[in-house]
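Residues per chain are reported as follows:
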Amino acid sequence: MPLGERDDRGGAYSTGHPHHSAAWEQKRRELGLTNLKSEKCFIATAVYGDVFAPEVEALRNFRNDTLSSSFLGRIFIRFYYGGFGQFGAKVISTHAPSTIPWIRFILDRIVQRIKAA
């Protein structure tokens, strides 16, 4: 879908990324996340190996729907996208790939809780 056109998910406008809704775009601006690169789930993508893995999508939706709606959640988002997430993903994938199974185990439990809520 070309940028700026309506998608078929209830009127959200496309930003070139399949997970952006008008509500998330507003929250992203409020949080100061104006760089589209800053919206990746860096660590989860490094662990699951695919930006569109179901677990990564669940974590992304949790960020968009839950974390961005609370004060502490917004602080976490600013910290994570302020450099920690990208740095952590790089360390995991290049210097500590042996930690991926352990991190995946932890993230799997978090995703289970998110989906159960």
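All values reported here derive from a predicted model rather than from experimental measurement. (Residues numbered from 1 in each chain as written. Predicted model: local features only at pLDDT ≥ 70, side-chain atom pairs only at ≥ 80, totals over all residues. Heavy atoms only, no water.)

Along the chain, the regular secondary structure elements total 5 helices and 0 strands. Counted from the first residue to the last, the chain has its helices and strands arranged as α-α-α-α-α. The buried share of the chain, taken over its 117 residues, is 34%. For the chain, the proportion of contacts with a sequence separation of at least 24, taken over those separated by at least 6, is 52%. Total accessible area on the chain stands at roughly 7400 Å², and carbon and sulfur atoms take up 61% of it. (Helix = DSSP H or I, 4+ residues; strand = E, 2+ residues; numbered from the N terminus. Buried < 20%, exposed > 50% of the residue type's maximum accessible area, 1.4 Å probe, protein only. Contact = heavy atoms within 4.5 Å. Areas by Shrake-Rupley, 256 points an atom, 1.4 Å probe, with all protein chains shown as cover.)

In this section: the confidence of the model for the chain. For the chain, per-residue confidence averages 78 on the pLDDT scale, and residues scoring 70 or more make up 67% of the total. Considering each helix and strand of the chain separately, the mean pLDDT is smallest for helix H1 (residues 22–31), with a value of 64, and largest for helix H5 (residues 100–116), with 96. Under a pLDDT of 50 for its full length, residues 1–19 has, in the predicted model, 32 contacts with residues more than four places off or in other chains. (pLDDT = per-residue confidence, 0-100.)

The next point concerns the nonpolar core. Ranked by size, the top nonpolar core spans 18 residues in total, and within it Ile43, Ala44, Tyr48, Val56, Tyr81 and Leu107 carry the most contacts. Counting only elements with at least two residues in this core, the list comes to helix H2 (42–48), helix H3 (54–65), helix H4 (71–95) and H5. When residues no more than four places from it in sequence are discounted, the contact partners of Leu107 are Ala44, Val47, Tyr48 and Leu59. (Core = buried A, V, L, I, M, F, W, Y, C linked by side-chain atoms within 4.5 Å.)

Throughout the structure, instances matching the rule amount to 5 aromatic pairs. Taking the centre distance of 5.0 Å and the plane angle of 25° together, the rings of Phe79 and Phe84 count as stacked. The class of Phe79 is exposed, set by a relative accessible area of 51%. Judged by centre distance (4.9 Å) and plane angle (80°), the rings of Tyr80 and Tyr81 are edge-to-face. Per residue, the accessibility class of Tyr80 equals that of Tyr81, and both read buried. (Phe/Tyr/Trp six-rings, centres within 6.5 Å; stacked < 30°, edge-to-face > 60°.)

Topologically, Gln112 is positioned in helix H5. Given the relative accessible area of 49%, Gln112 is considered partly exposed. Each C-alpha atom of the pair Gln112 and Ala58 lies 9.3 Å from the other, and the pair is 54 residues apart in sequence.

Along the chain, Arg60 turns up in helix H3. Buried charged residue Arg60 carries no salt bridge. Nearest counter-charge: Glu57, at 4.8 Å. A polar atom in the side chain of Arg60 sits 2.7 Å from the backbone oxygen of Val51. (Lys, Arg positive; Asp, Glu negative; His and termini not counted. Salt bridge = Lys/Arg side-chain N within 4 Å of Asp/Glu carboxyl O. Polar contact = N/O pair within 3.5 Å; in protein donor to acceptor, adjacent residues only side chain to side chain.)

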